[in-house]
Amino acid sequence: MLDIKTIRQNIDLVKRALENRGSSVELGFLLDQDAKRRSLIQEADELKSKRNQFSNRIAKEKSSGVDLEAEKNEMRSMSDRIKSIDVEIREVEEAMNGFIMEIPNIPHESVPVGRDSGDNQIVRSWGEKPEFSFTPKDHWDIGEGLGILDFKRAAKVTGARFVINWGAGALMERAIVNLMLDVHTREHGCREVLTPFMVNRESMTATGQLPKFEEELFATNNDYFLVPTAEVPVTNLYRSETLNEEDLPVKLVSYTPCFRREAGSYGKDTRGLIRLHQFNKVELVRFAHPSRSYTDLEELTGEAEDILKKLGLHYRVVCLCTGDLGFSSAKTYDLEVWMPAQGVYREISSCSNFEDFQARRGQIRYKAKQAKKTELCHTLNGSGLAVGRTLAAVLENYQKEDGTVMVPEVLKPYMKLDLITPIS
RNA sequence: GGAGAGAUGGCCGAGUGGACGAAGGCGUUCGCCUGCUAAGCGAAUGUAGGGUCAUAAGCUCUACCGAGGGUUCGAAUCCCUCUCUCUCCGCCA
């Protein structure tokens, strides 16, 4: 959520930013409501002030027996007037709020201007494409061939876009989760947190999934939502709280399954582990000081990259352009891992700085020891990494001609296994 | 699921219709004192939204005692609804 004051005072900047995003928002309505709101508040506050003065007078003169019936009558009608103005104020605020909630974040000045993913900027890449003396298979073929991935039974038990991991498939999924959590806690200084996998409406609103993207979410019959990413429960840990400035940045890491409706992606990535309704993810979240949140973004991206390096997977880092940026984000780096079977790079992590966009919705603040005022934190997060896609990348990049899959060096201690064969 | 108790500032805790943004204590900050530390003394110490204004400071007004409504000239205090927490019983991984 943007600040109404920012919008009011930097109207041209906001307009240009939204145009760059390809978002057409008519701000005139908002400014009208804003002016109306302020004049109503003025009127109501004046009346309230009068009412308070009068109440004080009654309290003082109560014992003197002075008859104030006429004034009381006047106050009665004034109170009614106040009530009706307050109702009006609330209506205006609701209208404004509903409007502001639909306005995306302003991209950072370093973000390339562009229309869609074609205009994204490749920042760097690491490692090299593995060479195969045979035609590499898709991860779903490898997984089903080894009997470790089972899409058919998942469809029977639940439905399309789910998977069942058997044996070494389950073991490797678990090993990847543990590797990521261990690296981020022990080497990157993150604190691990395990949260509920369902959250309430307020939490979804603070991080920006609601009200605009409800059709992307699974909801329960008591108005809880299954988390689409750990970003939601973890960022909301400090909702309505004030952190100490010296504790920033707060670095957290959290494993959760993620649940997504994937509405509107019919026919896209229908096979394999790429686009499921439920997948595992280890998420990095930071609460940062505004003055250095872009340094934090670089660090956090590096921490996610570290996992790919340890796994020996070739990847590249892409800076999303204004047109491809997520709703709440001011700047995003995607990490794209090389998938040899399809010969494409697939997003495996998305690292974003939301600046104070989420913090304003969630009232997440910090305060310096000497400072009088509290300020909004900046919030950041990034996948570190998406586990299912990591498993897919390992299967494809480490496959052998006979259909078996070598276990990456770094996973061996976790799996106590060198090679995945049909019987493992 | 049944029965009861509760929700007040960073924390503890008083307050049952007016002088209460809220006693007292703890904590924190600043100052004094002090071989050092501790203790002691003094002062300050919530958030948000308006107005003035330079998007400053200051001044000023308003709102906020779990949330939302109601009664009243006036509500932390009385009434209603909801949410959450705790205790006991039952059930359960």
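Residues numbered from 1 in each chain as written. Chains lettered and ligands numbered in written order. Predicted model: local features only at pLDDT ≥ 70, side-chain atom pairs only at ≥ 80, totals over all residues. Heavy atoms only, no water.

Participant: Please provide a residue-by-residue account of the packing of aromatic side chains, values included.
Facilitator: Considering all chains together, one arrives at seven aromatic pairs under this definition. Centroid distance Phe213 to Phe327: 5.5 Å. Interplanar angle 75°. Geometry classified as edge-to-face. Remark: Phe327 occurs in the loop between strand S10 (315-319) and strand S11 (331-339) and Phe213 occurs in the loop between helix H8 (201-206) and strand S6 (225-226); sequence separation between them is 114 residues. For Phe213, a relative accessible area of 29% puts it in the partly exposed group. Phe327 sits in the buried class, given a relative accessible area of 12%. (Phe/Tyr/Trp six-rings, centres within 6.5 Å; stacked < 30°, edge-to-face > 60°. Helix = DSSP H or I, 4+ residues; strand = E, 2+ residues; numbered from the N terminus. Buried < 20%, exposed > 50% of the residue type's maximum accessible area, 1.4 Å probe, protein only.)

Participant: Can you tell me about the pairing of strand S9 (residues 278-288), naming the residues and giving the values?
Facilitator: Here S9 lies mainly inside the structure; 10 of its 11 residues are buried. Pairing geometry for strand S8 (residues 250-259) and S9, over 10 bridges, is antiparallel. Within S9, the position partnered with Val250 by the bridge is Phe287. Bridging between S9 and strand S15 (residues 378-386) involves seven bridges; their strand directions are antiparallel. What sits directly across from Leu284, in S15, is Gly382. (Pairing = 2+ DSSP bridges.)

Participant: Report on unusual backbone geometry, specifying residues and quantitative values.
Facilitator: Cis geometry marks the peptide bond from Leu248 to Pro249; its omega dihedral reads -5°. Here Pro249 shows up in the loop between strand S7 (242-244) and S8. Positive phi, close to 50°, is recorded for Glu355, a residue that is not glycine. Within the fold, Glu355 resides in the loop between strand S12 (344-353) and helix H11 (357-362). Despite not being glycine, Gln363 has its phi angle at roughly 50°, a positive value.

Treat this as a map of the structure, not an account of what it does.
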